[in-house]
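If you want the building blocks of each chain, they are given just below.
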Amino acid sequence: MEYTVPMREEYPFYLEPLNTEQRRAVLHTGKPLLILAGAGSGKTRVITTKIAWLIREQGMDPRSILAVTFTNKAAREMAERAILIEPRAGEAIMRTFHSFGAWFLRRNGNLAGLDSSFVIYDDDDVVSLLSGIMENAPKPEVKQCAHNISRAKDYFLSPSDPLLASIDSRKKFRAIYASYEERMAQIGNVDFGDLIKKPVEILRDQPEVARRFRERFKVIMVDEYQDANVAQFHLLKELCGPDTYVCVVGDDDQSIYRFRGAEVKNILEFPDRFYGADIIRLEQNYRSTNPILKAASSVVDYNRGRLGKTLCAEKGDGPLPVLTYLPDQDEEAKFCAEKIESSVKKKETEWQDWAILYRTNAQSLGFETLFLRMGIPYRVVGSLKFYEREEIKDALALLSFLVNPRDEVNFRRMVNKPARGVGLVTVDKIAETADSYGGNLIEAGRNTELTQKARTGLNAFFKVIEDARALLDGEKDGDEKKSPAKKKRKGLVPGTGLSACISKIVKDSGIAEYHETRDDVTGNNKLNNLQELINTASNYPQTREGLLEFLENIELDQARLDNASQDTQNSVTLITFHNTKGLEFKRVIMTGLEQGIFPREDKRGEELEEERRLFYVGATRAMDELYLTSCLMRRMYGKTMPMQPSLFLREIDASCLQINRVVRGFETGQPMARHSFNPYNFDNDKEKNSRLEKSSGWRRGQRLFHENYGYGAVMEVKDSEDGPVVRVRFDNGKETRFLSEYQGGAFEKMGDDY
DNA sequence: TAGTTTTAAGTTTTT
DNA sequence: CTTAAAACTA
């Protein structure tokens, strides 16, 4: 590639826009490097520039560069941006940890007894498999176990590891984990944890393989290193030879996946684990205004055990973040909608400049219904996962079984759906026989004595699988035309490539029809979803490898399908705090800032610190303006509960926050002094309440003390057949009710100091 | 056994 | 209030 752009000064032109520290990071070589990159400090620019620089200036073969991220979106973005500077960067391996693991195992899995046509089990599949092992155990326990196994793998713990007790102290856990591993090996599939753990094991046991990989990858870069778990750390270690150049980028303040095994220690201890490492700090923030940055930092400052940094806002001053107290979540949604709409109408912003952040996916519902009614375009990022829907899982289960006839979980799911007269008894019988056929359920099914009904149904099922297989293996049969009369219903459009195969199996298996008739009843559009799935497959070749790739991409990258089904153009973004990492918006509204919601009630110590970091991540997404909302009441599980403002609101530096109060949808317009607002001042409540409060002698917000339970506050006073009932929540989180007339004596009123 | 009705339970966050 | 699991009926 010839470059005609003249080089100015001493650096290549593409280094021009970088600041001193960024440039140092790009030009650094020779030792391990830890880049501590604060929010909005341009770390993606540094990584992509570094990749390009290595290729262009250092003569590095792009194929010897490995760049690892945590989300597929980040990987794609990295590739796109690197290619803009240097087209050959497209040949570098840029993947998520998990997709790298899958890539590795497809090639080297046989060394660990893994067939290359393995399928990746998601959490639901894992639970199905486990419930077969833990017979008649209650579902929640099975789920807990699945979770713990997953955690164990994150920490690189095998069933025999003495440290396993630190994950799950129950004696039987070790045995459950062991037989889970055994069953999984029989089936020949892997779970998410295996995608990291197994490659490490192979690299350790097979020096030859390790040597090959160390020879190939001269440079390894890891993005979002603060989210790496222990197993991922080991993988990185194993891939690094003495001459490998390692560069990790991260921000300890943005570590928000501890619950999933992420270890902040990885980043804190990097200099110890990679001897002689250099550290470069990127503290210049290019995204947000000063007040936004200061508000965010002042909260995360309450955390202990952080590396600490001082972010400096390049943008300088701007409007203060605005906190608004609202009566309830309906008003909250309305407040957001009106704020956004008026700004867009004034041509001040566009829809896409706005993001609404919430802690749990369930909170999106209120915004969605209102936005739909008001005609505000929106997109929901990553909530109801497309691939988790029943009809999609059904289709994928069939396809998975098609590639791996040992897949008992998916066999059980689909063999009798729709009903073919193959019941539980039959399936158990086949599963038992399967042991003598190397786990192959098709062989086993053929050779098992069955009732006539079961035999007919089973053969029909196998016929579907086989026809689809024939299609994959290249036998072009004319089956498509054989039964045109049968598919006269509006039906599915086959499409090209792999789509044809999927379309065929979805139709022939009766899954399409099954969900179509159910659509008629429920009014869902499951058939459309299936069509969507079929469409996305059209870019894959109609081969066994194509199918494997398709399944893998879906398992590891659900977001792609999600986005395909939504209009992502110019619309407001509804998103969880977790999902915002790596994104930025001109204007951000952080909603539901109430104790119990954010932070969640049960969070303390290290977990509370993680919630704080999550707050920090959310706030630093905002470029120009930041809004915060907190509700006095919230409907949960169909009941309305009084809420308290989030702890984090108190932690925000007073000098960078403006507080407003909104009552019944109308702004008072008066900025309030920091502590003058008492969310438990219900002087606007209806007469009914004051009457109740008078007759009961209790009012909402009243502090009280009980001998046995300690301190608490009145949440609600209600009428009942036996007179006024007072509902109390104690400071330890427990709740109780009492009848003011009879039981009131046990509760001592305290002075109210809010 | 299949499909329906009733009852209970429950909301983090995700590769 | 919504969804999943258990219980029940045909």
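The structure under discussion appears in the preceding block.
Residues numbered from 1 in each chain as written. Chains lettered and ligands numbered in written order. Predicted model: local features only at pLDDT ≥ 70, side-chain atom pairs only at ≥ 80, totals over all residues. Heavy atoms only, no water.

A. Summary view of the packing of helix H4 (residues 97-108) against helix H8 (residues 194-205). One can describe the packing of H4 onto H8 by two numbers: an axis separation of 8 Å at closest approach and a directional angle of 50 degrees. One element, H4, and the other, H8, form an angle in the oblique class. At the point where H4 passes H8, the crossing takes the left-handed sense. Two secondary-structure elements touch here, H4 through Phe 97, His 98, Gly 101, Ala 102, Phe 104, Leu 105 and Asn 108 and H8 through Asp 194, Leu 195, Ile 196, Lys 198, Pro 199, Ile 202 and Leu 203. (Axes fitted to C-alpha atoms, helices over the stretch in contact; angles between N-to-C directions. Helix = DSSP H or I, 4+ residues; strand = E, 2+ residues; numbered from the N terminus. Parallel < 35°, antiparallel > 145°, perpendicular 65-115°, else oblique. Left-handed = near helix turned anticlockwise from the far one by under 90°. Contact = heavy atoms within 4.5 Å.)

B. Structural detail: the packing of aromatic side chains. With the rule as written, the count across this model stands at 26 aromatic pairs. Ring centres of Tyr 257 and Phe 259 lie 5.7 Å apart, and the angle between their planes is 55 degrees; on these two criteria the pair is classed as tilted. With a centroid separation of 6.2 Å and 70 degrees between ring planes, the pair formed by Phe 371 and Tyr 378 is classed as edge-to-face. Note on Phe 371: relative accessible area 0%, which makes it buried. Taken together, Phe 100, Trp 103, Phe 104, Phe 213 and Phe 217 form an aromatic cluster joined through their ring pairs. The ring of Phe 118 is capped by Arg 106, whose NZ or CZ atom sits 3.9 Å from the centre of that ring. (Phe/Tyr/Trp six-rings, centres within 6.5 Å; stacked < 30°, edge-to-face > 60°. Buried < 20%, exposed > 50% of the residue type's maximum accessible area, 1.4 Å probe, protein only. Lys NZ or Arg CZ within 6 Å of the ring centre and 35° of its normal.)

C. Expanded view of the nonpolar core. Of all hydrophobic cores here, the largest spans 50 residues; its most connected members are Leu 399, Phe 411, Phe 461, Leu 498, Ile 505, Leu 547 and Phe 550. Apart from the residues within four sequence positions on either side, Phe 550 is in contact with Leu 396, Leu 399, Leu 498, Ile 502, Leu 533, Thr 536, Ala 537 and Tyr 540. (Core = buried A, V, L, I, M, F, W, Y, C linked by side-chain atoms within 4.5 Å.)

D. Quick look at the pattern of salt bridges. The tally for this structure, following the rule as stated, stands at 49 salt bridges. Between Asp 624 and Lys 315 there is a salt bridge, and its shortest N-O distance comes to 3.1 Å. Of this pair, Asp 624 sits in strand S16 (residues 622-631) while Lys 315 is found in the loop between strand S10 (312-313) and strand S11 (322-326), placing the two residues 309 residues apart along the sequence. Under the relative-accessibility criterion, Asp 624 is labelled partly exposed at 27%. Within the structure, one salt-bridge network assembled from shared partners comprises Lys 43, Asp 223, Glu 224, Asp 227 and Lys 581. (Salt bridge = Lys/Arg side-chain N within 4 Å of Asp/Glu carboxyl O.)

E. Seen up close, the pairing of S16. For S16, the buried fraction is high: nine of the 10 residues fall into the buried class. Relative to S16, S11 runs parallel, the two sharing five bridges. Residue pairing across strands places Tyr 325 opposite Ser 630, the latter belonging to S16. For strand S15 (residues 585-590) and S16, the ladder comprises five bridges, and the chain directions are parallel. Within the sheet, the bridge partner assigned to Val 588 lies in S16 and is Leu 626. (Pairing = 2+ DSSP bridges.)

F. The arrangement of the protein's contact with DNA strand B in detail. Neighbouring residues of DNA strand B: 20 residues in total, closest Arg 260, Arg 359, Asn 361, Asn 579 and Tyr 637. The share of sugar and phosphate among atoms of DNA strand B within 4 Å of the protein is 49%. Backbone polar atom of Asn 361 to a phosphate oxygen of DNA strand B: 2.6 Å apart, as the coordinates give it. Contact distances for DNA strand B include 3.3 Å between a phosphate oxygen and a side-chain N or O atom of Asn 416. Taken together, the residues that form the surface near DNA strand B break down as six nonpolar, nine polar and five charged. (Near = heavy atom within 4 Å. Polar contact = N/O pair within 3.5 Å; in protein donor to acceptor, adjacent residues only side chain to side chain. Nonpolar A, V, L, I, M, F, W, Y, C, P; charged D, E, K, R; others polar.)

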